[in-house]
Amino acid sequence: MNTVKNFIKLSFKNIRRHPVKNFLIGIVIFLASILFLFNGSLKENAESAWKDYFSRTFTGDYHITSYQGLDRDYTLPSFTLPRKMISSQIIDYLDKNQVVYSKRIKIGAAVYDDKKSEFKGSLPALIGIDWEKELALLSNLKIVSGRFDPDLPNGILVWKEYADSLKWKAGDEITLYMKDTEKNTYPYSFRVMGIVNHQEGASLEGKGVIQMFPALFVSYQYLALQLGIEDNQAVEIAVWDKEGKYEKDLKKLAEENSLQYFQGTQGYGIVFGIVELLGFFGSSIAALILVILVVATLNLNMMGFFERRKEIGSLVAMGARPFWLVGLLLMEMVVFATLVFALACGFYFILTQTGGKGIDFGEMAVFFAGKKFTAGFELQSVVNGYLTILIVSFISSIYPIYLTTKINPVDVFREAEI
Amino acid sequence: MIALEEVRKTYLLGKTKVEALKGVTFQINKGEMVCLMGPSGSGKSTLLNLAGCLDRPDSGKIWIDGEEVSLYSLKKLAGIRSSKIGFIFQAFNLIPVINVYENIEFPLMIKKEKISEKEKKTRIDNLIQAVGLEKFAKHRPDELSGGQRQRVAIARALVSSPEIVFADEPTANLDSETGKTILELLASLNQNKKTTFVFATHDPSITRYATSLFQMKDGILSKKEI
Ligand SMILES: Nc1ncnc2c1ncn2[C@@H]1O[C@H](COP(=O)(O)OP(=O)(O)OP(=O)(O)O)[C@@H](O)[C@H]1O
Ligand SMILES: [Mg+2]
């Protein structure tokens, strides 16, 4: 214990003594740390912006779907209703905890073109929602043409991108084939009462390779009646729980009932791979930084090693064992890395506090669901950054430290006389 | 206390062999103040390094306190140095970033055996007093004169209560006046604390502080009468 204390004390003193070397290593570590923190923030921004986007446009913060066993994602609705609906256990849990949620019926509907007498290729998701509840919760949805009419039972709202692709307009009568609870497929006719689009995140259009949301919204009650679904049953539950207070419980319940749990943030991962892209981007930068960091600090540590040969030689002469020396030098490295990293954190924190209204990434704003980027301070990236800096410092000092243990004082003193 | 028997050490300088020690046999008793004289290149430093367990001989035997150390591993030798041996170097070799007190304390940090903080402090304070540096305890080495630095080195060599202290030309970097006071200090420590000193020197004027005198020539050691 005392030894550690002494090591730390000595480390601080030694750090002050090689100002140039330590300044140079310090700058490299400092910049790398800032980049790490920034990188973490990049990903976090993308995640939270997209989560918010999905939550307010489409999916809720997360939802539970009764696609038993089928590993489907949001873009691929099933033409068949699930054998089992959302269990009452989950509904009870939600009611008991007064969670904000909405029941939905989701089903894949085949679009029939009356004029050409043929089916269209794609299978859009027809989603039966509680109009009153969800039109308020989906606050990023905007009706861009037509209007919402609560008195029109078979009225649907169509996602603009999808409506455009089928040339549907407000007021059009359309035919959809669906399978009901008896497994019979019938045509149902609907009236397009409005075309919806998102308010924020406009820069998304044309960026995605796949069609984003082939989605149609219809009244839950009307759809339940048509398909013969008993009242109060749901294929899907959308939950608005920004803090994720109930997330863990619900995830567990979903698992127990073999239902699919889906989080808003998973949505963009599946749809665009944006987080993967940012992650790849980030790790490429990080890898580059690390290589530079290792090379730079290794060089500087080697210089430091030669500078201190004589001193280390006298420590060895005094009876310092290799193990002791390694401890001392490692501690020096840890103390130094910690100091610089703390400094970088402090600096970065001030940056985030004075960052203003955020940075507009222009074309690249698609990464952040069209929002501005605001540098944030993420605990996770602080931890990751610190560990990385420690590991890198360790790698780049291990060889110089190894050389140190090979120092022979007799040689060193002879050299010193030259 | 220290005995060498037929100790040989040969160095390779390129292709030529340099026989630095050609079979040295001698013995040092407790409380002695041994002076090693000899021209440059005669093997004085080599002898001190071997006797001080900094290096190992090619052949021959070395005993310290009756323990044969000539075949010990480097790690084991480090332990012997830490507990039994002190060094005073020509070039002082103090640690520049820490003050006088901390420099003297250093060998105690390396030591395996536990010494209480209180005991540490009294030891160091006593030594600082003995070498006359009370006013400089908080100064860093670069704020001291050469003579003062060598005093710090002496105190440092003595702090772990070694049985023997080796000093390789301790006065070579000092003017003759300062050199004399350093030797006087060693002599008084030898008298008062019964510490054994072995020092090598070129300077005939400081041989008079020795209780026994050896002459080194071309790797061969011979005793000289005082
Ligand atoms: N590490 C070494 N490599 C090669 N030769 C060495 C080495 N150490 C000593 N020698 C040689 O051994 C001989 C004795 O050297 P040593 O340093 O012991 O002499 P010295 O008496 O201490 O000389 P000085 O008074 O100049 O310090 C010299 O010829 C020297 O060149
Ligand atoms: Mg010499």
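Note on numbering: residues in each chain are counted from 1, in written sequence order. Both sets of labels track the order of writing: A upward for chains, 1 upward for ligands. Since the coordinates come from a predicted model, pLDDT governs what is reported: local features require at least 70, and pairs of side-chain atoms require 80 or more to be given and counted, while whole-chain, interface and lining totals use all residues. Note: side-chain values were computed over all heavy atoms of the structure, leaving out hydrogens and water.

Trainee: Is there a simple way to explain the nonpolar core in this structure?
Mentor: By size, the foremost hydrophobic cluster in this structure holds 80 residues, and its most contacted members are A:Leu315, A:Trp324, B:Leu47 and B:Phe166. The helix count covers DSSP runs of H or I at least four residues long, the strand count covers runs of E at least two residues long, and both are numbered beginning at the N terminus. With 13 residues, the single largest contributor to this core is helix α11 (residues 322-353) of chain A. Whether two residues touch is decided by their heavy atoms; if any such pair falls within 4.5 Å, the residues are in contact. Look past the residues within four positions of A:Leu315 in its chain and what remains in contact with it is A:Ala320, A:Trp324, A:Leu325, A:Leu328, B:Ile95, B:Phe106 and B:Ile110. B:Ala137, B:Ala167, B:Leu174 and B:Ala187 belong to the second largest nonpolar core, which has 40 residues in total. As used in this record, nonpolar core signifies buried Ala, Val, Leu, Ile, Met, Phe, Trp, Tyr and Cys residues forming a set joined through side-chain atoms within 4.5 Å. Exposure categories follow from relative accessible area, calculated using a 1.4 Å probe and restricted to protein chains: below 20% of the type maximum is buried, above 50% is exposed, and the middle band is partly exposed.

Trainee: Would you take a moment to explain a positive patch on the surface for this structure?
Mentor: The patches described consist of residues with a relative accessible area above 30% and no salt bridge, like charges being joined within 9 Å and nonpolar side chains (Val, Leu, Ile, Met, Phe, Trp, Tyr) within 5 Å. For the area figures, the Shrake-Rupley method with a 1.4 Å probe applies, and any residue is considered shielded solely by the protein chains shown. In the sections that follow, a salt bridge refers to a side-chain nitrogen of Lys or Arg positioned within 4 Å of a carboxyl oxygen of Asp or Glu. Positive: Lys, Arg. Negative: Asp, Glu. His and the chain ends are not part of the count. In plain terms, the charge of a residue is placed at NZ if it is Lys, CZ if Arg, CG if Asp and CD if Glu. A cluster of like positive charges, contributed by A:Lys115, A:Lys116, A:Lys167 and A:Lys169, occupies part of the molecular surface. As for its placement among the helices and strands, A:Lys169 is situated in the loop between α5 (160-166) and β8 (173-179).

Trainee: Whenever I open this one, the interface of chain B and chain A confuses me. Can you help?
Mentor: Bring the parts together and some accessible area is lost; that lost area is often taken as the interface size. Between chain B and chain A, the residue contacts involve 25 residues of the former and 23 residues of the latter. For the pair chain B and chain A, the summed buried area comes to about 2,300 Å², and 62% of that belongs to carbon and sulfur atoms. In short, buried area is how much 1.4 Å probe accessible area vanishes from two parts on joining, totalled over both. When the buried surface of chain B facing chain A is broken down by residue, B:Val97, B:Met109 and B:Ile110 rank first, second and third, together holding 25% of it. At the boundary of chain B and chain A, one finds 1 salt bridge. The salt bridge involving A:Lys13 is made with B:Glu102; its shortest N-O contact spans 2.5 Å. Contributing elements (two or more residues each) for the side of chain B that touches chain A: α2 (74-84) and α3 (100-110) of chain B. Any residue outside Ala, Val, Leu, Ile, Met, Phe, Trp, Tyr, Cys, Pro, Asp, Glu, Lys and Arg is labelled polar, Gly included; the first ten of those are nonpolar and the last four are charged. Residues of the side of chain B that touches chain A, tallied by class, amount to 13 nonpolar, 5 polar and 7 charged.

Trainee: Help me out: how do you make sense of the site of ligand 1 in this one?
Mentor: By convention in these notes, a residue is near a molecule or strand provided one of its non-hydrogen atoms lies within 4 Å of it. In the vicinity of ligand 1, 15 residues are found, and the nearest of them are B:Ser40, B:Gly41, B:Lys44, B:Ser45 and B:Thr46. In this structure, a nitrogen atom belonging to ligand 1 sits 3.0 Å away from a side-chain N or O atom of A:Arg414. Measuring from an oxygen atom of ligand 1, one finds a side-chain N or O atom of B:Lys44 at 2.7 Å. If ligand 1 stood free it would expose 630 Å²; the protein chains cover 80% of that surface. Broken down by secondary-structure element, the contributors of at least two residues to the shell around ligand 1 are β1 (2-13), β2 (16-28) and α1 (44-51) of chain B. Pairs of N or O atoms are called polar contacts if they sit within 3.5 Å, as long as, within protein, a hydrogen donor faces a hydrogen acceptor (for residues adjacent in sequence, only side-chain-to-side-chain pairs).

Trainee: For this particular structure, what's the right way to read a nonpolar patch on the surface?
Mentor: Together, A:Leu379, A:Val383, A:Leu387, A:Ile391, A:Phe394, A:Ile395, A:Ile398, A:Tyr399 and A:Tyr402 make up an exposed nonpolar region whose accessible area comes to about 880 Å². Mapping A:Tyr402 onto the fold places it in helix α12 (residues 379-405).

Trainee: Teacher, can you tell me more about the sheet that holds β2(B) here?
Mentor: The strands that make up a sheet pair up through hydrogen bonds in the backbone, lying either parallel or antiparallel. Residues and elements named next belong to chain B. In this analysis, strands are considered paired if DSSP registers two or more bridges between them. Pairing in this open sheet of 4 strands is antiparallel, and the strands run β2-β1-β4-β5 from one edge to the other. At either margin of the open sheet sits one strand with a lone partner, and together these are β2 and β5 (67-68). Summarising the sheet, β1 and strand β4 (residues 59-64) pair through 5 bridges and their orientation is antiparallel. Across the sheet, Leu4 pairs through a bridge with Ile62, a residue of β4. A fitted line through C-alpha atoms serves as each axis, taken over the contacting stretch for helices, and the angle formed by two N-to-C directions is quoted from 0 to 180°. Seen against the sheet, α1 touches β1, β2 and β4 and runs at an angle of roughly 125 degrees to β1.

Trainee: Sorry, what's going on with the confidence of the model for chain B here?
Mentor: Close inspection of predicted coordinates is inappropriate in any region flagged by low pLDDT. Residues and elements named next belong to chain B. For chain B, the average pLDDT comes to 90, and 100% of its residues sit at 70 or higher. pLDDT is a residue-level measure of predictor confidence that goes from 0 to 100. Model confidence for chain B, summarised as mean pLDDT per element, is weakest for helix α6 (residues 176-193) at 86 and strongest for β4 at 94. Two summary scores accompany this predicted model of the complex, namely pTM at 0.72 and ipTM at 0.88.

Trainee: It is not clear to me how helix α3 (residues 88-96) of chain A should be interpreted in this structure. Could you clarify?
Mentor: What sets the pattern is the α-helix's 3.6 residues per turn: residues three or four places apart point alike. Residue and element names in this part refer to chain A. Along α3, the positions that sit buried rather than exposed are Ile90, Ile91, Tyr93 and Leu94. Along the axis of α3, the buried residues cluster in a sector spanning 160 degrees; they form a single face. Exposed residues lying more than 90 degrees from the buried face of α3 are Ser88 and Lys96. Along its buried surface, α3 packs onto β1 (62-65), β2 (100-108), β11 (236-240) and α7 (247-256). Among the residues trailing α3, Gln98 stands out with phi positive, at a value near 50 degrees. By definition, the arc is the one covered by directions from the helix axis to the C-beta atoms.

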